[in-house]
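# Overview (structure and organization)
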Amino acid sequence: MLTAMRYASPTTVAEAVDLLGSDPDARVYAGATDLIPQIRAGRPEPTVMVDLKRIERLCAISSNGSTYTVGAATPTADICADAGLTAAFPGLVEASGLIGSDQIQSRSSWGGNLANASPAADTPPSLIVNEARAVIAGPGGERTVPAAEVATGPGATSLGPGEIIVEFELDQPPARTADAYLRLIPRTEMDIAVVGAAARVTLDADGNVAAAAVALGAVAPTVVRVPDAEAALIGNEPAGDALAAVQAAASAATNPIDDKRGTVAYRRQVAGVLARRAVSMAAERAREQGGQS
Amino acid sequence: MSRVHVTCTINGDPIEFLCDGGQTLLDALRDEVGLTGAKEGCGTGDCGACSIVMDGRLLCSCLALAPEADGTTISTVEGLASGDDLHPLQQCFLEGAALQCGVCTPGFLVAAKALLDRNPDPTETEIRYGLAGNLCRCTGYDKIVRAVQTAAQTINES
């Protein structure tokens, strides 16, 4: 199978963009962990498979002290092994580590996870609560957009013809800030989310919430932000009534489907519970951080 | 259509082969290079029977394209034994009956080798996570986990 396709391995972003721009049926890939199974399942074969992993910028992790830059094709195994990212974004790194087996971790990437645009993808909710920006290159040059604006529906993105995600930018979080990601799957490991919940919390010096972000995966066509949960937390201790409000707001924000992994009612209920727990966990981590500083 | 010329190192030997642009690395290893140890189970990265190590990374060769191998260093199950001397993992799988039909075994061995290279003294939980990308439909996993534990011990004592 797959024998009619050509293979290209550009070493620069410009070369990749040229390849894609000159052939609308070319497809980019990093790990191909979704693309090859999709082609096997009967999706039309691309004319050219454009491998992004030989472009240095797409596989690099760097930090200038205030912003982390992570190449869109960087294997999640490398992300999980990075001490700086793990300290700054523990929830995002945990979400990255949940994607598949060690074999898949060698190939899966944030860029692929986001551009594949599965509603159940694990890293987009965490990228979004951390206000990650996607640097996108295309025939018109480069543009930078919030990661939240890339996926527009199941399998659909805002990427234009010839555009690729080059890298992600993440600002170093302020003091007393941490994130968390929790997901429910039908078995204990190696499965696709029934619900995923990401939260990021910044505490003030008194331990009240100064800033909060909550985002849910697998409960709507795209990741859902929960502004009502965020509003309920601001100015309050992340406990008691505030957490109950987070749970109610998260359940209310969902627009899930019934499928073999869970019913609408189940997903709604679990989304609330996971959002509450993720907020608690993020707040606990933020407190521990405050204790250290 | 012109075929792609790939030069790489497999199990320590310099290898050249021709492949199609869309051929999977698994198919090229089996059909172009003649290394049939890696097996196709699912073809979608779920079962791990096609596990190999490329440039230090454990991966499913059914999810990689053959031309990606150009310039890389690959290890497959065929490189585990030294001549007639089985690798301790192979010996322990044999002695511990950690296989029945054997189709999944090459993948388990390669994944277990990658795990022990990274973590020479894994806990049972770490072994189960390290082998979570490999599926066995006959034996059940306990004998496989025990074989890896015994092999780790053997390697660490030698």
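Residues numbered from 1 in each chain as written. Chains lettered and ligands numbered in written order. Predicted model: local features only at pLDDT ≥ 70, side-chain atom pairs only at ≥ 80, totals over all residues.

## Observations regarding the overall build of chain A
Along its length, chain A carries 11 helices and 14 strands. In terms of C-alpha radius of gyration, chain A reaches 19 Å, essentially the compact-globule figure of 19 Å for 293 residues. C-alpha extents for chain A along the principal axes are approximately 60 × 45 × 35 Å. The proportion of buried residues among the 293 residues of chain A is 51%. For chain A, long-range pairs separated by at least 24 residues make up 65% of all intrachain contacts whose partners lie at least 6 apart in sequence. (Helix = DSSP H or I, 4+ residues; strand = E, 2+ residues; numbered from the N terminus. Rg over C-alpha atoms; globule rule 2.2 N^0.38 Å. Buried ≥ 20, exposed ≤ 12 C-beta atoms within 10 Å, placed from the backbone. Contact = placed C-beta atoms within 7 Å.)

## Overview of the sheet that holds strand β6 (residues 133-138) of chain A
Residue and element names in this part refer to chain A. Pairing is antiparallel in the open sheet, where 5 strands are placed in the order β4-β5-β10-β6-β7. The open sheet terminates on both sides in strands that have one partner only, identified here as β4 (61-63) and β7 (141-146). Taking each pair of neighbouring strands and ignoring which way they run, the sheet shows an average axis angle of 20°. With 3 bridges connecting them, β4 and strand β5 (residues 67-71) associate as antiparallel partners. Note that in β5 the partner of S63 across the bridge is Y68. (Pairing = 2+ DSSP bridges. Axes fitted to C-alpha atoms, helices over the stretch in contact; angles between N-to-C directions.)

## Quick look at the interface of chain B and chain A
Contact with chain B, which involves 24 residues of that partner, is made by 23 residues of chain A. Its residues assigned to classes, the side of chain B that touches chain A comprises 10 nonpolar, 11 polar and 3 charged. (Nonpolar A, V, L, I, M, F, W, Y, C, P; charged D, E, K, R; others polar.)

## Here we look at the nonpolar core
Residue and element names in this part refer to chain A. A199, V214, L216, A275 and A278 are the most contacted members of the largest nonpolar core, which totals 145 residues. Considering every element that reaches this core, the biggest residue donor is helix α11 (residues 264-292), with 10 residues. Those residues in contact with A278 that sit more than four places away from it in its chain are A180, Y181, L182, A197, A198 and A199. (Core = buried A, V, L, I, M, F, W, Y, C linked by C-beta atoms within 7 Å.)

## What about the sheet that holds strand β5 (residues 73-75) of chain B?
Residue and element names in this part refer to chain B. Taken together, the 5 strands give an open sheet; going across it, the order is β2-β1-β5-β3-β4, and neighbouring strands pair in mixed fashion. Edge positions in the sheet fall to β2 (13-19) and β4 (57-60), since each of these pairs with one other strand and no more. Neighbour to neighbour, the strand axes of the sheet diverge by 40° on average, direction disregarded. Bridge count for strand β3 (residues 51-54) against β4 is 4 bridges, and the pairing is antiparallel. Its bridge partner being in β4, I52 is matched across the sheet by L59. In the packing of helix α1 (residues 25-33) onto the sheet, contacts are made with β1 (4-10) and β2, and the angle to β2 comes to roughly 100°. Docked against the sheet, helix α3 (residues 105-118) engages β3 and β4, running at close to 40° with respect to β3.

## Here we look at the domain arrangement of chain B
Residue and element names in this part refer to chain B. Domain assignment breaks chain B into domain 1 (4-78) and domain 2 (88-157). Relative placement of domain 1 and domain 2: their C-alpha centres are 21 Å apart. Facing 15 residues of domain 1, the contacting portion of domain 2 comprises 11 residues. Broken down by element, the side of domain 1 that touches domain 2 gets its largest block of residues, 3 residues, from β3. A breakdown of the residues in the side of domain 1 that touches domain 2 according to their chemical character gives 8 nonpolar, 5 polar and 2 charged. (Domains from an automatic or database assignment.)

## Observations concerning the packing of helix α2 (residues 88-95) of chain B against helix α5 (residues 142-157) of chain B
All names here are of chain B. Two numbers describe how α2 lies on α5: the axes approach to 8 Å, and their chain directions differ by 135°. The angle between the axes of α2 and α5 places the two elements in the oblique class. The hand of the α2/α5 crossing is right-handed. Counted together, P88, L89, C92 and F93 of α2 and A147, V148, T150, A151, T154 and I155 of α5 form the full contact between these two elements. Partitioned by chemical class, the residues of the contact of α2 with α5 number 8 nonpolar, 2 polar and no charged. (Parallel < 35°, antiparallel > 145°, perpendicular 65-115°, else oblique. Left-handed = near helix turned anticlockwise from the far one by under 90°.)

## A few points about helix α1 (residues 13-21) of chain A
All names here are of chain A. Those residues of α1 not exposed but buried are V13, A16, V17 and L20. Viewed end-on, α1 has its buried residues packed into an arc of 95°, placing them on one side of the element. Along its buried surface, α1 packs onto β2 (27-29), β3 (48-51), β6 and β10 (164-171). (Arc of directions from axis to C-beta.)

## What about the domain arrangement of chain A?
All names here are of chain A. As far as domains go, chain A holds domain 1 (6-51), domain 2 (56-171) and domain 3 (177-292). A separation of 18 Å is found between the C-alpha centroids of domain 1 and domain 2. Contact with domain 1, which involves 12 residues of that partner, is made by 17 residues of domain 2. Broken down by element, the side of domain 1 that touches domain 2 gets its largest block of residues, 5 residues, from α1. Grouping the constituent residues of the side of domain 1 that touches domain 2 by class yields 8 nonpolar, 3 polar and 1 charged.

## Re the environment of A:A148
Residues and elements named next belong to chain A. Tracing the backbone shows A148 in the loop between β7 and β8 (151-153). Take A148: there are 20 C-beta atoms within 10 Å of it, and that puts it in the buried class. Separated by 20 residues in the primary sequence, A148 and I128 place their C-alpha atoms 5.6 Å from one another. When sequence neighbours within four positions are dropped, the list of residues in contact with A148 reads I128 and V223.

## A word on the pairing of β10(A)
Residues and elements named next belong to chain A. Within β10, 6 of the 8 residues are buried, which leaves the element mostly enclosed by the surrounding structure. Examined bridge by bridge, β5 and β10 share 5 bridges and lie antiparallel to one another. Bridge pairing in β10 places G71 opposite E167. Where β6 meets β10, 5 bridges bridge the pair, whose relative direction is antiparallel. Counted as the bridge partner of V135 is E167 from β10.

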